[in-house]
Amino acid sequence: MNSMNNVLIIDDHPLIVNAYKDGLLHLSKLEEALKFNIESACDCDEAISLILKSQATNGYDLIFLDIQLPPSKDKKILSGEDLGVKIRKLTPNTRIIVSTTYTNNYRLYNIFKTVDPDGFLVKTDLTNDMLMDAIKTVIKYPPYYCKTISKLIRKEMSSKLILDKVDRDILYQLSIGTRTKDLPKFIPLSKPGIEGRKRHLRKIFNVENKNDGELIKAARNSGFL
Amino acid sequence: MVVSLISYNKKKLDSSISSIQSIGADSTSFYLKGIKQNSRDEIFVDQALKKAYQYNYKVSYDSLKNRNLLKIAYEAKRFGRDSIFVKANTEGLLLSEKIRDTFGVADAQWNFGSYYYTKENWELSFKFYYKAHINFESIKHEQFSGKMLFNMANVQSQLKDYTGSEITTFQAIKRFKKINNYLSLYRCFNQLGLIARDLKEFDRAKEYFIQALLYLDEIEDSDVYREFVYNNLGLVYQDIQNYEAAIEYFNIPLNRTELKEENIAFYARLLDNLTYNRFLKGEKEEIETSFLTALKIRDSINNISGVIINKIHLSEYYAFMQDTTKAIQFTKDALTLSKKVNNNREWLKSLHWLAKIDRANADNYLEQYVLLSDSLQHEERKIRNKFTRIQYETDEVIKENKLLGNKLILTSISGLILILILSLIYFIFIQRSKNKQMLLEQDQQKANQEIYQLMLAQQSKLEEGRSSERERLSSELHDGILGKLFGTRVGLGFLDLQGDAQTKKKLQGFVNEMQQIEQEIRAVSHDLQNEILSSKIDFYIMAKQYLEKLCNIEGIELIIENDDNINWEMIDTDYKVNIFRVIQESLQNTIKHADASMINVIFAKKQGQLLMKIKDNGKGFNTENKSKGIGLKNMALRIGKLGGSFNIMSKPLNGTSIIISIPLK
């Protein structure tokens, strides 16, 4: 493959944008065959306009996507996650590398479910060599998952517990301190329905008759948070 | 002989006394019993009555003393011991009045009535019988009320107030018929017969006597009474000059051989009556001897009125036999005797007869007769008038008493109504204050809950503030600093530095170090997030913070233990409010009174019971000695309302422990 790769780096920190650029340039120096045409966007709106423009020329080959992004002006896209879903819809062939500082399993799981990135990097795990490796792998034989993600996948696969999205949402809301009585605002269920779910979750995690703290601790230990 | 008898009696008495002293207060009734058993022994009776009267002073119980007095009076009257009778009966009457014993009053009045009857003081006798009658009537004692009427009739007939006596007797009959007292009815009809005979209504007299006999058919062993009636019937037939019928009636009892032994006086009377009728009929045989036999008997038993009648009969016989001297002599004897015993009836009869046979002194005797008869009639009339007055006066007194009684009843009824109204008002008042208290308690509970909720809200606001600050810090670290560090590190890594290998290696070391720093920052951010979670407000944390704050101020060491099994969130707010109050109250107690340096609070859950133990190492107190203070009572009340138990254990110098246990729903 000796073609030009169109790359878009979406991150609100110029430092990081520059770091990725340096990385790409460094890679193209090491591997003659890899050539990059690099653009960058520091918020959702800019990113979308660039992507829409690129549709005329077959779109981007590779997008670096940060999850923690300022929301779009029309508030339709609140984070990198939403943006990822949009990119998948607009240019399905584009390969996406999600790089995030989040280590929360729930968030990571959700990103997996919605964006299904070709490369999944957790920033604090990442070294320069791993970044090189990740870019190469995603271009040639995706996917590339960093260590944290691999661990999450392993836990998920080996777990005997089966939780659906509602269960996970409830656990997440509880973990960020949402009161049970406020849960119906975030979960599309009635209060008794939520209570039923919680009872079921307590049973699953073997913390019957204990408080929510214990439930969340257990859920975290099992990798659901 | 007499002396030895007295000494013998004294011995007997002394031995009785010694046995009595062991019995104590019963001595009076013992003597009274002794009198009944030894009624023939005159000297013993005399002594025993005196002793009984003396001992009765030692009786302190009024109603017993009274009963004894009346018994003594009755016995004294029976044996003619006037001085003791008057003393005992007067005291008995006064005491009965004092203790409002109507029966006792009537009984004493009865005693006086019969006492004055024997003394022939008709006026007083009648007065007391009448009063007794009224009193017995007021307590609905038909028998005695009737008896008193009968006695009154007796007095009236003695004074020849025959109509008055008849009326009174019928009043008595009315009462006796009500209670079917046949013996008393016999007496009444016998008396009516006697009255009718005195009024010379002989047919009526016969009817009454036969009626009396009919009543006697109703009772057993009535022979003795029957014989009296036969005697009376004989006299009626004598009056209507049917001497043969009279003789028949007199003969019925006389033919009974036991009579002479049983009642010698009555036998002599019958014999006299029989002989007189035989004489009147015209028989001549054994008239004188029979009269003399009867006279001899009567003389021997000192039956003076009998002797008088007997002598007049004999005088009539001698007059008929033309033996005028003997006739005058016997009548004069009768006259003297009747004067002596005040037997007016026979006195008059004697004068009348003397005027007939002693022709020389006839005028003199007639004059005496008229004079005596006039004065007697005058006297009788005077007393008869008094009867009406006595009745009137007594009735007035009774009316007044009744009026007073009515007033008393009215007063007590209005008093009762007043008390009723007052107690009603009191109860309503109590009820209202109870309701008020209940409302107050409800308000208090509400206020308590509100306070708890406020505390909770306050606490959670504080916690919210802290949380949001933590969150801000956390996200600042995570999103900002961490990202920038990452960018810097990666950027540094890609720098194409011109330097020796050592410098490059050093750079790599710094880059690695930076990655380490990133990890640390992430961990810090993570911890901050976690604390947000764990700082969720629950009861235990609130209680702990409260205790810590106060203990800190007071310089008391606090050891607090929670049980992870307690799901505070699931426990009813009401429970938590009350438990929190108990904590507050007992902590206040510890601070104020215990002088403690350490306090230990333990929450636990066992067998569905929530347990809390608060223990201090203070000076304690004696739980038995001290009346429970309002604080302790309140605590016990609070826990009791939740169906739990509240225990306080303390000993002087040994600290205080409060243990509560509440069943969880």
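As the structure is a prediction and not an experimental result, all values here were calculated from the model. (Residues numbered from 1 in each chain as written. Chains lettered and ligands numbered in written order. Predicted model: local features only at pLDDT ≥ 70, side-chain atom pairs only at ≥ 80, totals over all residues. Heavy atoms only, no water.)

Student: Explain the UniProt feature "modified residue: 4-aspartylphosphate" (unreviewed entry) in chain A to me, please; I cannot follow it from the model alone.
Tutor: Residues and elements named next belong to chain A. Mapped onto this numbering, the UniProt entry gives "modified residue: 4-aspartylphosphate" (unreviewed entry) at Asp66. Topologically, Asp66 is positioned in strand 3 (residues 62–66). By relative accessible area, which is 2% here, Asp66 ends up buried. Aside from chain neighbours lying at most four places away, what touches Asp66 is Ile10, Asp11, Asp12, Gly80, Ser99, Thr100 and Lys123. (UniProt positions renumbered as here; feature names shortened; annotations may be inferred. Helix = DSSP H or I, 4+ residues; strand = E, 2+ residues; numbered from the N terminus. Buried < 20%, exposed > 50% of the residue type's maximum accessible area, 1.4 Å probe, protein only. Contact = heavy atoms within 4.5 Å.)

Student: Explanation requested: the UniProt feature "transmembrane region" (unreviewed entry) in chain B in the structure shown.
Tutor: When the UniProt feature table is mapped onto this chain, "transmembrane region" (unreviewed entry) is found at residues 408–429 of chain B. Taken as a whole, residues 408–429 of chain B contains 100% helix and 0% strand, while its terminal C-alpha atoms sit 31 Å from one another.

Student: Is there a simple way to think about the domain arrangement of chain A in this case?
Tutor: When the parts come together, some accessible area is lost, and that loss is often what is quoted as the size of the interface. All names here are of chain A. Each domain of chain A was delimited in the assignment, giving domain 1 (4–155) and domain 2 (165–221). At the interface, six residues of domain 1 touch five residues of domain 2. Both sides together, the interface formed by domain 1 and domain 2 hides about 500 Å², and carbon and sulfur atoms give 51% of it. Interface area lost by domain 1 to domain 2 is led by Tyr106, Tyr109 and Lys155, which between them contribute 74%. Connecting domain 1 to domain 2 are zero salt bridges. Counting every contact that joins domain 1 to domain 2 gives one residue pair in polar contact (both at pLDDT 80 or more). (Domains from an automatic or database assignment. Buried area = accessible area lost by both parts, 1.4 Å probe. Salt bridge = Lys/Arg side-chain N within 4 Å of Asp/Glu carboxyl O. Polar contact = N/O pair within 3.5 Å; in protein donor to acceptor, adjacent residues only side chain to side chain.)

Student: I would appreciate a short explanation of the interface of chain B and chain A in the present structure.
Tutor: Contacts between chain B and chain A engage 27 residues on the former and 31 residues on the latter. For the pairing of chain B and chain A, the buried interface totals around 2,600 Å² over both sides, and the portion due to carbon and sulfur atoms is 56%. At the surface where chain B touches chain A, the tally comes to zero salt bridges. Applying the counting criterion to the chain B and chain A interface returns seven residue pairs in polar contact (both at pLDDT 80 or more). Looking at the side of chain B that touches chain A, the elements that each hand over two or more residues are helix 20 (362–494) and helix 21 (501–534) of chain B. With 15 residues, the top contributor of residues to the side of chain B that touches chain A is helix 20 of chain B. When its residues are assigned to classes, the side of chain B that touches chain A shows five nonpolar, 14 polar and eight charged. (Nonpolar A, V, L, I, M, F, W, Y, C, P; charged D, E, K, R; others polar.)

Student: Even after reading the chapter, I still don't get helix 8 (residues 191–204) of chain A, so can you show me in this structure?
Tutor: Residues spaced three or four apart along an α-helix point in a common direction, a consequence of the helix completing one turn every 3.6 residues. All names here are of chain A. The end-to-end C-alpha distance of helix 8, which contains 14 residues, comes to 20 Å, matching closely the 20 Å that a straight helix rising 1.5 Å per residue would cover. Taken together, the buried positions of helix 8 are Ile194, Lys198, Leu201 and Arg202. Looking down the long axis of helix 8, one finds its buried residues gathered within 100 degrees of arc, a one-sided arrangement. Opposite the packed face of helix 8, turned more than 90 degrees from it, sit the exposed residues Pro192, Arg199 and Lys203. Considering only its buried residues, helix 8 is in contact with helix 7 (165–175) and helix 9 (212–221). (Expected span 1.5 Å × (residues − 1). Arc of directions from axis to C-beta.)

Student: What's the story with the sheet that holds strand 1 (residues 557–561) of chain B in this structure? I'm lost.
Tutor: Within a sheet, neighbouring strands are paired by backbone hydrogen bonds and run either parallel or antiparallel to one another. All names here are of chain B. Here we have five strands laid out as an open sheet, ordered 1-2-3-5-4, and mixed in their pairing. Only two strands of the sheet have a single neighbouring strand rather than two, namely strand 1 and strand 4 (645–650). When the angles between neighbouring strand axes are averaged without regard to direction, this sheet yields 10 degrees. Across six bridges, the pairing between strand 4 and strand 5 (residues 656–663) is antiparallel. Paired with Ser645 across the strands is Ser661, a residue of strand 5. Across the sheet, helix 22 (residues 539–554) lies against strand 1 and strand 2 (598–606), angled at about 170 degrees from strand 1, the strand it touches most. (Pairing = 2+ DSSP bridges. Axes fitted to C-alpha atoms, helices over the stretch in contact; angles between N-to-C directions.)

Student: Quick question: what am I supposed to make of helix 6 (residues 102–118) of chain B here?
Tutor: Residues and elements named next belong to chain B. With 17 residues, helix 6 extends 25 Å from end C-alpha to end C-alpha; this agrees with the ideal 24 Å at 1.5 Å per step. Counting buried positions along helix 6 gives 13 out of 17 residues, so the element sits mostly inside the fold. Immediately beyond the C-terminal end of helix 6, within one or two residues, lies Glu120, with a positive phi of roughly 60 degrees.

Student: So what exactly am I meant to see when it comes to the environment of B:Ile240 here?
Tutor: You can see B:Ile240 is positioned in the loop between helix 12 (223–239) and helix 13 (243–254). Sequence separation between B:Ile240 and B:Lys311 is 71 residues, and the spatial gap between their C-alpha atoms is 22 Å.

Student: Even after reading the chapter, I still don't get the sheet that holds strand 6 (residues 144–145) of chain A, so can you show me in this structure?
Tutor: Residue and element names in this part refer to chain A. Strand order in this open sheet of six strands is 2-1-3-4-5-6, and the pairing throughout is parallel. If you trace the sheet from one side to the other, it starts and ends with strand 2 (35–41) and strand 6, each paired once. Strand direction decides the pairing type here: strand 4 (residues 95–100) and strand 5 (residues 119–122), joined by four bridges, are parallel. Residue Val98 lies in a different strand from strand 5, and its bridge partner there is Phe120. Lying over the sheet, helix 1 (residues 14–30) contacts strand 1 (4–10), strand 2, strand 3 and strand 4, oriented at roughly 175 degrees with respect to strand 2. Packed on one face of the sheet, helix 4 (residues 105–114) meets strand 4, strand 5 and strand 6 and runs near 165 degrees to strand 5.

Student: Just to check I follow, could you spell out the pattern of salt bridges for this structure?
Tutor: Between side chains of opposite charge, a pair can form when the charged atoms approach closely. Residue and element names in this part refer to chain B. Tallied over the full model, the rule gives 28 salt bridges over all chains. When the shortest N-O distance is used, the salt bridge between Arg278 and Glu283 registers 2.8 Å. Arg278 sits in the buried class, given a relative accessible area of 16%. The salt bridge involving Arg472 is made with Glu469; its shortest N-O contact spans 3.1 Å. Within this pair, Arg472 and its partner Glu469 are both found in helix 20, separated by three residues, close to a single helical turn. Exposure remark for Glu469: the relative accessible area of 40% places this residue in the partly exposed category. Shared partners join several salt bridges into a network, and the residues in it are Glu227, Arg256, Glu258 and Glu262.

Student: Just checking my understanding: could you explain the domain arrangement of chain B for this structure?
Tutor: All names here are of chain B. For chain B, the assigned domains are domain 1 (388–534) and domain 2 (539–663). Its C-alpha centre places domain 1 at a distance of 17 Å from the equivalent point of domain 2. Contacts between domain 1 and domain 2 engage eleven residues on the former and twelve residues on the latter. Summed over both partners, the interface of domain 1 with domain 2 comes to about 1,100 Å²; 53% of that surface belongs to carbon and sulfur atoms. Three residues, Asn448, Tyr452 and Met455, lead the burial of domain 1 against domain 2; their summed loss comes to 48% of the area buried on that side. Our count for the domain 1 to domain 2 interface comes out at one salt bridge.

Student: I would appreciate a short explanation of the side chain of B:Glu380 in the present structure.
Tutor: On the secondary structure map, B:Glu380 appears in helix 20. Setting aside anything within four residues of it in sequence, one finds B:Glu380 in contact with B:Leu159 and B:Lys160.

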